[in-house]
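Here is what each chain is made of, one letter per residue.
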Amino acid sequence: MIKVDVKGCSSFVEDAKYQAYVSKAFEAFDVLKNENGAGNDFLGWKKLPCQITERELNEYESVRDKWMKKGVDLVIAIGIGGSYLGAKCVIEALSHNFAKQLKRKDAPEVVFAGNNLSEEYLADLMDLAEERNVACIVISKSGTTTEPAVAFRVVKQFIEARYGKEEAADRIVAITDASKGALKTLATQENYETFVVPDNIGGRFSVLTPVGLLPICVAGFDIQALVEGAQDAAKGLEIKSDKNPAIIYAAMRNCLFKELGKSTEILVNYNPKLTYVAEWWKQLYGESEGKEGTGIFPASVNNTADLHSMGQFIQEGSRVMFETVLHVENAQRSVVIESEPQDLDQLNYLAGKHVEHCNHMAELGTVLAHIDGGVPQLSVNFERVDAFNLGSLLYFFEFACGISAYLLGVNPFNQPGVEAYKKNMFALLEKPGYEEASKAIKKRL
Ligand code: PA5
């Protein structure tokens, strides 16, 4: 079970102040539970872990088996934002750090596209595709997002040219709306196998829908365990109590923001595999809370590497931040530091110790130093980086996000601000229908 520890905030916040935010978090919890808040038509993710069936999981496995029989060794997963980050974060967290170099062949390699508009990225991707046996998962709920649409056009044409149109239809899977949108129309016309993004689940809450589960399954990871972890978290989080980790997290981060003006939250990890968990979390909290002129800016660091870059600022720079440390209790691999006959590097005092022991001491030392430097510390604790615990962690953050955004007073489930850049981009690209906007924007240049 996920635990949240707020001891590292006690020297900054009086308990009575924190308790007032716990009371507010209880109210926000009720709004989320009773589904009577803003955006309540986007709460499908809440009961999702308990609704996923074995049949559904088997369907994802069938896609993987079918592609493996064809010898597919590269799956290009196309999507952006919520249609990309969930799968990316789980695959990165569960992969061997050097899977690519080891060239393990127990499942296809999943790479991502459609999350940028870099021509160089796409050209390089096509170089890779030239050398591999390729399939594609294209993910877009709206079907009209430019980045994935451009990438898919390129990848689709490559697959069709290489394998022919009929075989291409067997190598492309679409994940999109049940009934509407450009991708749905295309998938029906081209006869692609299709999975549905439910109407009542927004992109950033979609990791346990086909959007996340299919790419994760195709990459060879245990989606059953991921779902079980989320189920386990869901059970624990539905209890309204000041011991509920989602309530503690939502209450403390809002208290730090409102009472102390701590407007930046840095999610800290001590394991490179968790880098993309932070990227997923940034979207979840950034899009859910950053609106109407309020919100805590979500940032992240990867320690201990970033202690040698961002550490100086966090220790002594502007005092605008607090940190939330992802504390992993157990490493799953073992490397012990051995003694050397000549102790030239002066490390013999660590002989017999696990490297993870040093990592934990670095973490503890940093937490204490940052408290001394005026940076309140929360920690989110979980047992290990495996599929079960990741499922729990992701669901915990989703649930806590709903409470936290309601406590903050915003609708957690919309993202009106994302449209602004799209309108300008369409005007600059002279998209049909944007003629007036084109003229207006050009005057500003
Ligand atoms: O959280 C969200 O809803 C967004 O980040 C979307 O996931 C993202 O914009 C991609 O949209 P779509 O899946 O419609 O292409």
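Being a predicted model, the structure only gives us computed values, none of them experimental.

Asker: I'd love a proper account of the sheet that holds strand β6 (residues 193–196), names of residues and values included.
Answerer: Read across the sheet, five strands follow the order β3-β2-β4-β5-β6 without closing on themselves; strand pairing throughout is parallel. Only two strands of the sheet have a single partner each, and these edge strands are β3 (109–113) and β6. Neighbour to neighbour, the strand axes of the sheet diverge by 20° on average, direction disregarded. Note that strand β5 (residues 172–176) and β6 share four bridges and pair parallel. Bridging from a neighbouring strand, A174 pairs with T194 of β6. Strand contacts of helix α3 (residues 54–69): β2 (74–78), β4 (134–139), β5 and β6, with the helix running at about 150° to β6, the strand carrying the most contacts. Packed onto the sheet, helix α9 (residues 182–190) meets β4, β5 and β6 and runs at close to 145° relative to β5.

Asker: Before we move on, could you go through the site of the ligand and cite the residues and values that matter?
Answerer: S83, S140, S142, T145 and Q283 are the nearest of the 13 residues found near the ligand. Note that an oxygen atom of the ligand is positioned 2.6 Å from one of the side-chain N or O atoms of S140. G203 is positioned such that a nitrogen or oxygen atom in its backbone is 3.3 Å from an oxygen atom of the ligand. Protein chains bury 88% of the 380 Å² of accessible surface belonging to the ligand in isolation. Considering only residue class, the shell around the ligand consists of one nonpolar, nine polar and three charged.

Asker: An account of the side chain of K262 is requested, with residue identities and associated values reported.
Answerer: Mapping K262 onto the fold places it in the loop between α12 (245–260) and β7 (264–269). Within the buried core, K262 has no salt-bridge partner, and the shortest N-O distance to an opposite charge, that of E323, equals 11 Å. The contact partners of K262, leaving out residues within four places of it in the chain, are L256, F257, R319, V320, M321, F322, G374 and P376.

Asker: Residue-level account of the packing of helix α13 (residues 275–289) against helix α16 (residues 387–408), with values.
Answerer: Packing of α13 against α16 brings their axes to within 10 Å, and their N-to-C directions diverge by 20°. Judged by the angle between their axes, α13 and α16 are roughly parallel. As for how α13 packs across α16, the hand of that crossing is right-handed. Every residue of α16 that contacts α13 at V277, W280, W281, L284, Y285, S288 and E289 is listed here: L390, L393, L394, F397, E398, A400, C401, S404, A405 and L408. For the contact of α13 with α16, the per-class residue count stands at 13 nonpolar, two polar and two charged.

Asker: So what's going on with the environment of A113? Which residues, and what values?
Answerer: Mapping A113 onto the fold places it in strand β3. A113 gets classed as buried once you look at its relative accessible area, which sits at 0%. Remark: the alpha-carbon pair of A113 and T294, spanning 181 residues in sequence, is separated by 32 Å. When neighbours within four sequence positions are excluded, A113 is seen to be in contact with I76, A77, I78, G79, Y121, L125 and A151.

Asker: Account for the pairing of β5, naming residues and giving values.
Answerer: Burial analysis of β5 places five of its five residues in the buried class, which makes it a mostly covered element. Burial along β5 is two-sided: the face carrying I172, A174 and T176 and the face carrying V173 and I175 are both buried. One ladder, built from four bridges, connects β4 with β5; its direction is parallel. Following the sheet pairing, V138 is matched in β5 by A174.

Asker: Quick one: what's the story with the sheet that holds strand β1 (residues 3–5), residue by residue and with numbers?
Answerer: The five strands lie next to each other as β1-β10-β9-β7-β8, forming an open sheet whose pairing is mixed. The sheet terminates laterally at β1 and β8 (297–302), the two strands that pair on one side only. The sheet shows a mean angle of 25° between the axes of neighbouring strands, direction not considered. With five bridges joining them, β7 and strand β9 (residues 321–328) adopt parallel strand pairing. Within β9, the residue paired with E265 across the bridge is F322. Packing of α16 onto the sheet brings it into contact with β1, β7, β9 and β10 (377–382), and relative to β10 it is tilted by some 140°.

Asker: Tell me about the side chain of S392, residues and numbers included.
Answerer: Counting through the fold element by element, S392 comes out in helix α16. For S392, a relative accessible area of 3% translates into the label buried. In this view, S392 contacts I2, G229, A230 and A233; residues no more than four positions away in its chain are not counted.

Asker: Describe the nonpolar core, listing the residues and the values that go with them.
Answerer: Counting residues in hydrophobic clusters, the biggest one holds 103 residues, and the most contacted among them are F396, F397 and I403. If one sorts the elements of this core by residue count, α16 sits on top with 15 residues. Core analysis: the second largest hydrophobic core is formed by 24 residues, I78, A113, V134 and I159 among them.

The rules behind each value
- Residues numbered from 1 in each chain as written.
- Predicted model: local features only at pLDDT ≥ 70, side-chain atom pairs only at ≥ 80, totals over all residues.
- Heavy atoms only, no water.
- Pairing = 2+ DSSP bridges.
- Helix = DSSP H or I, 4+ residues; strand = E, 2+ residues; numbered from the N terminus.
- Axes fitted to C-alpha atoms, helices over the stretch in contact; angles between N-to-C directions.
- Contact = heavy atoms within 4.5 Å.
- Near = heavy atom within 4 Å.
- Polar contact = N/O pair within 3.5 Å; in protein donor to acceptor, adjacent residues only side chain to side chain.
- Areas by Shrake-Rupley, 256 points an atom, 1.4 Å probe, with all protein chains shown as cover.
- Nonpolar A, V, L, I, M, F, W, Y, C, P; charged D, E, K, R; others polar.
- Buried < 20%, exposed > 50% of the residue type's maximum accessible area, 1.4 Å probe, protein only.
- Lys, Arg positive; Asp, Glu negative; His and termini not counted.
- Salt bridge = Lys/Arg side-chain N within 4 Å of Asp/Glu carboxyl O.
- Parallel < 35°, antiparallel > 145°, perpendicular 65-115°, else oblique.
- Left-handed = near helix turned anticlockwise from the far one by under 90°.
- Core = buried A, V, L, I, M, F, W, Y, C linked by side-chain atoms within 4.5 Å.

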